[in-house]
Amino acid sequence: MRLFIYLVLLLIPVSGWSYSVGSRLETLENISSGRDLKVRLFYPTSGRGEPQLMGNNSVFTGYRAIPDAPLASGHFPLILLSHGSGGNNTNLAWLATALAERGAIVVAASHPGSTTGDSRPETDLTLQTRDLSLILDHYLTDSAWKNAIDATKIGAAGHSKGGYSVLALAGGLINRQRLDHYCEAMPQMPDCRFYKQNGVQLEKTDDARLAANYRDPRIKFAIALDPGMSYVLTPESLKAISIPVLTIAAGYYSRPTGKMTLGTEKIPTPRIVIQQAGHFDFLPVCQPTAEKILAEEGEAFICDTPASQRELIHQQTITAITVFLQHLGIESTAKNP
């Protein structure tokens, strides 16, 4: 019934906002044990500067925002964004800019050990979740941002490994026994293959840290885009999650793997399946030359969806999230500019 309600809500026209989007890159130095985080902020601005194309490269298209524009006046929701393995703080910029246009401050980090050019299977699986809580610590005390954040409207959204990370923030638990059993029973799954092909015995996180509870009570809602580790999260912990969670699932992982999915049906939250979407369609729209470039690394499947189709998937995702947030009353208290 809850899923039916959300599907019906998708048919309701979504009201528009007209904020311009500002974007700023910051480095949070030594945020934990010498760990620096490169953070990209997206936020509503009343600045009248010209939006510039940012984050554009030979594989993915970029996004438009006003660099270092002033933050608009008001009290805004804060949404943390978490990328998947090998991703970075611009992977979900298509979503971040849409949320900023609607009156939210969005913070996305590149997670060391799991980011572009630095994605190592031996990286502690829990680091990414802990990064998000540390980022929240920082911006709730930062003089430039704290007075603009509505602490009653803080959420997190993530894709793939980032999807698992935000579910962990919401109270989802895993443990060594379930992780071992998962990869023994389903060695074909992408996350298990990631570890095996790199010669890592799963990952080096110790058992106690792996099974620890990373629930952050400041997080009031979570959005998981085709999250990884769906089979590993304990059913008891998922049932005990007390905040609203929306899961948006891909209809398949990739074309080469056929009908295989990451198992999001195991997550008992309101769930929307975009049947025509693959796991990688939550990444930015690909450049015309991207598939050829990625083919050299055996990863052409990341960009085998036509640009027009991926754009449609992005819009469907933005609409679903917008309706979800409106249903929760997650809106800024600022006046429309």
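Here the structure is a predicted model, which is why all the values come from computation and not from measurement.

Engineer: Just to check I follow, could you spell out the packing of helix α3 (residues 127-141) against helix α4 (residues 161-170) for this structure?
Structural biologist: Each pair of packed helices can be summarised by the angle the axes make with each other and by the distance between the axes. Contact pair α3 / α4: the axes reach a minimum separation of 9 Å and the direction vectors enclose 60 degrees. With respect to each other, α3 and α4 are oriented oblique. Here α3 and α4 pass one another in a crossing that is right-handed. Residues Gln128, Thr129, Leu132 and Ser133 of α3 lie in contact with α4, whose contacting residues are Lys161, Gly162, Tyr164, Ser165, Val166, Ala168 and Leu169. Its residues assigned to classes, the contact of α3 with α4 shows five nonpolar, five polar and one charged.

Engineer: Looking at this model, I keep getting lost on the packing of aromatic side chains. Mind explaining?
Structural biologist: Aromatic rings in a pair are described by how distant their centres are and how their planes are angled relative to each other. Inspection of the entire model under this criterion finds seven aromatic pairs. Ring centres of Tyr139 and Trp145 lie 6.3 Å apart, and the angle between their planes is 85 degrees; this geometry places the pair in the edge-to-face category. Exposure remark for Tyr139: the relative accessible area of 1% places this residue in the buried category. Plain terms: the ring middles of Tyr182 and Tyr231 are 5.8 Å apart, the flat faces sit at 25 degrees to each other, and that makes the pair stacked. With Tyr182 in helix α5 (residues 176-185) and Tyr231 in the loop between β10 (221-225) and α8 (235-239), this residue pair connects regions lying 49 residues apart in the sequence. Within the aromatic cluster, the residues linked to one another by ring pairs are Tyr43, Tyr139 and Trp145.

Engineer: Just checking my understanding: could you explain the pattern of salt bridges for this structure?
Structural biologist: Any two side chains of opposite charge can pair, on the condition that their charged atoms come close. Scanning all chains against the criterion turns up 14 salt bridges. The closest approach of N and O atoms between Arg218 and Asp137, which form a salt bridge, is 2.7 Å. Linking Arg218 in the loop between α7 (207-211) and β10 with Asp137 in helix α3, this pair joins segments that are 81 residues apart in sequence. Judged by relative accessible area, Arg218 falls into the partly exposed class, the value being 26%. Of the charged contacts in the structure, one is a salt bridge between Arg255 and Asp304, with a shortest N-O distance of 2.8 Å. Of this pair, Arg255 sits in the loop between β11 (245-252) and β12 (271-278) while Asp304 sits in the loop between α9 (290-295) and α10 (307-328), and the two are 49 residues apart along the sequence. On the accessibility criterion, Arg255 (42% relative accessible area) is partly exposed. Residues participating in the shared-partner salt-bridge network are Asp124, Arg130, Asp206 and Arg209.

Cut-offs and rules
- Residues numbered from 1 in each chain as written.
- Predicted model: local features only at pLDDT ≥ 70, side-chain atom pairs only at ≥ 80, totals over all residues.
- Heavy atoms only, no water.
- Axes fitted to C-alpha atoms, helices over the stretch in contact; angles between N-to-C directions.
- Helix = DSSP H or I, 4+ residues; strand = E, 2+ residues; numbered from the N terminus.
- Parallel < 35°, antiparallel > 145°, perpendicular 65-115°, else oblique.
- Left-handed = near helix turned anticlockwise from the far one by under 90°.
- Contact = heavy atoms within 4.5 Å.
- Nonpolar A, V, L, I, M, F, W, Y, C, P; charged D, E, K, R; others polar.
- Phe/Tyr/Trp six-rings, centres within 6.5 Å; stacked < 30°, edge-to-face > 60°.
- Buried < 20%, exposed > 50% of the residue type's maximum accessible area, 1.4 Å probe, protein only.
- Salt bridge = Lys/Arg side-chain N within 4 Å of Asp/Glu carboxyl O.

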